[in-house]
Amino acid sequence: ETGVTQTPRHLVMGMTNKKSLKCEQHLGHNAMYWYKQSAKKPLELMFVYSLEERVENNSVPSRFSPECPNSSHLFLHLHTLQPEDSALYLCASSQSSGTPGDGYTFGSGTRLTVV
Amino acid sequence: DQQVKQNSPSLSVQEGRISILNCDYTNSMFDYFLWYKKYPAEGPTFLISISSIKDKNEDGRFTVFLNKSAKHLSLHIVPSQPGDSAVYFCAASGGYNFNKFYFGSGTKLNVKP
């Protein structure tokens, strides 16, 4: 596997369910991100992890809980979601260094539907 | 407060012609800009970048222009090909947090054969 891999690709969950999204990067990067993409809206930054420490939480509701056990893996734990949380959730990684470089490498995303 | 704006949600161009995608930003601290391309069911992929010390960067058929005084950048695709049909996002970063990018809402480009 190369690049950034996200699983599952699609997820349908009820409002009372608990599920997790998984992201794995094979690029040796040291920063990982969760973004949310809703229709016709900008990509919204949710969480940033740098060197396995959360460095940013962009006012995300507590029903979204990130976890970064090591520099290659990132999870987003979901519970008691609302229908408006339905969106494409994108994971990205980058090398946190002195220049922006080529920006992020994104995964293919998880299409989440909350019913 | 949206710091990066793409005011055209869609653009349709004939194959072989030029596609021009526009992006405006509000934060004068931004000094690095990227364009990403996204196909359906895939994540965005990096296309081309430009730093604020330049006003133009070219890579094959893709050229990005930066007008710092107007806080405006544009992506030119010449000649456009049907395979270029995708959603294009511009992104900006700057200040001390150069690894944090702000994205526009995207422009969907359709190149007609």
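Cut-offs applied
Residues numbered from 1 in each chain as written. Chains lettered and ligands numbered in written order. Predicted model: local features only at pLDDT ≥ 70, side-chain atom pairs only at ≥ 80, totals over all residues. Heavy atoms only, no water. Helix = DSSP H or I, 4+ residues; strand = E, 2+ residues; numbered from the N terminus. Rg over C-alpha atoms; globule rule 2.2 N^0.38 Å. Buried < 20%, exposed > 50% of the residue type's maximum accessible area, 1.4 Å probe, protein only. Areas by Shrake-Rupley, 256 points an atom, 1.4 Å probe, with all protein chains shown as cover. Pairing = 2+ DSSP bridges. pLDDT = per-residue confidence, 0-100. Phe/Tyr/Trp six-rings, centres within 6.5 Å; stacked < 30°, edge-to-face > 60°. Contact = heavy atoms within 4.5 Å. Disulfide = S-S within 2.5 Å.

Enquirer: Sorry, what's going on with the overall build of chain A here?
Expert: The secondary structure content of chain A amounts to 0 helices and 11 strands. For chain A, the sequential pattern of α-helices and β-strands runs β-β-β-β-β-β-β-β-β-β-β. Its C-alpha atoms give chain A a radius of gyration of 14 Å, near enough to 13 Å, the size a compact globule of 115 residues would have. By principal-axis analysis of the C-alpha atoms, chain A measures approximately 40 × 30 × 30 Å. The 115 residues of chain A split such that 48% are buried. Accessible surface, chain A as shown: approximately 5,500 Å² in total, 48% of it carbon and sulfur.

Enquirer: What is the right way to look at the pairing of strand 8 (residues 72-77) of chain B in this model?
Expert: Two faces, one strand: in a regular strand the side chains alternate between the faces of the sheet. Residues and elements named next belong to chain B. The buried count for strand 8 comes to 5 of 6 residues, which makes it a mostly enclosed element. Both strand 3 (residues 19-25) and strand 8 contribute to a ladder of 6 bridges, which runs antiparallel. Along strand 8, the bridge assignment pairs Asp-24 with His-72. Note that strand 7 (residues 62-67) and strand 8 share 6 bridges and pair antiparallel. Residue pairing across strands places Leu-66 opposite Leu-73, the latter belonging to strand 8. Here strand 7 hands over to strand 8 after 4 residues, with Lys-71 in that stretch at a positive phi of 50 degrees.

Enquirer: Looking at this structure, how should I read the confidence of the model for chain B?
Expert: The predicted coordinates ought not to be read in detail in places where the model reports low pLDDT. Averaged over all residues, the pLDDT of chain B equals 92, while 95% of them reach at least 70. Averaged over each element, pLDDT in chain B is lowest for strand 10 (residues 97-103) of chain B (76) and highest for strand 8 of chain B (98).

Enquirer: Explanation requested: the packing of aromatic side chains in the structure shown.
Expert: In this description, an aromatic ring pair is defined by two values, namely the gap between the centres and the angle between the planes. One pass over the full model with this rule turns up 15 aromatic pairs over all chains. A ring pair is formed by Phe-106 of chain A and Tyr-36 of chain B, whose centres lie 5.5 Å apart and whose planes are at 85 degrees; its orientation type is edge-to-face. Here Phe-106 of chain A is found in strand 10 (residues 105-106), whereas its partner Tyr-36 of chain B is found in strand 4 (residues 30-38) on a different chain. This pair shows no difference in class: Phe-106 of chain A is buried, exactly as Tyr-36 of chain B is. Considering the side-chain rings of Tyr-36 of chain B and Phe-46 of chain B, the 6.3 Å spacing of their centres and the 80 degrees angle between planes classify their relative orientation as edge-to-face. With Tyr-36 of chain B in strand 4 and Phe-46 of chain B in strand 5 (residues 45-51), this pair connects stretches of sequence that are 10 residues apart. An aromatic cluster is present here, built from Tyr-33, Tyr-35, Tyr-104 and Phe-106 of chain A together with Tyr-36, Phe-46, Phe-101 and Phe-103 of chain B joined pairwise through their rings.

Enquirer: What is the right way to read the sheet that holds strand 6 (residues 56-59) of chain B from this model?
Expert: Within a sheet, each strand pairs with its neighbour through backbone hydrogen bonds, oriented either parallel or antiparallel. Residues and elements named next belong to chain B. Within the open sheet, the 5 strands sit side by side as 1-3-8-7-6. Their pairing is antiparallel. The sheet is open, and its two edges are formed by strand 1 (4-5) and strand 6, each paired on a single side. As paired strands, strand 6 and strand 7 are joined by 4 bridges and run antiparallel to one another. By the bridge assignment for strand 7, Asp-59 is matched with Phe-62.

Enquirer: What's the story with the environment of Pro-79 of chain B in this structure? I'm lost.
Expert: Residue and element names in this part refer to chain B. Here Pro-79 lies in the loop between strand 8 and strand 9 (86-94). Expressed as a C-alpha distance, the spacing of Pro-79 and Val-13, which sit 66 residues apart in the sequence, is 10 Å. Leaving out residues up to four positions away in the same chain, Pro-79 has contacts with Gly-16, Arg-17, Arg-61 and Asp-84.

Enquirer: Please explain the state of the cysteines as it appears in this structure.
Expert: In a disulfide, the sulfur atoms of two cysteines are covalently bonded to one another. Applying the stated criterion across every chain, the model contains 2 disulfides over all chains. The disulfide partner of Cys-23 of chain A is Cys-91 of chain A, and the gap between their sulfur atoms is 1.9 Å. The disulfide joining Cys-23 of chain A to Cys-91 of chain A has a torsion of about -75 degrees about its S-S bond and is therefore left-handed. Separated by 68 residues along the polypeptide, Cys-23 of chain A in strand 3 (residues 18-25) and Cys-91 of chain A in strand 9 (residues 87-94) bring together distant segments of the chain. With a relative accessible area of 0%, Cys-23 of chain A lands in the buried category. Take Cys-91 of chain A: its relative accessible area is 0%, and that puts it in the buried class. Disulfide pairing places Cys-23 of chain B opposite Cys-90 of chain B at an S-S distance of 1.8 Å. On the sign convention where negative means left-handed, the S-S torsion of about 65 degrees between Cys-23 of chain B and Cys-90 of chain B marks this disulfide as right-handed.

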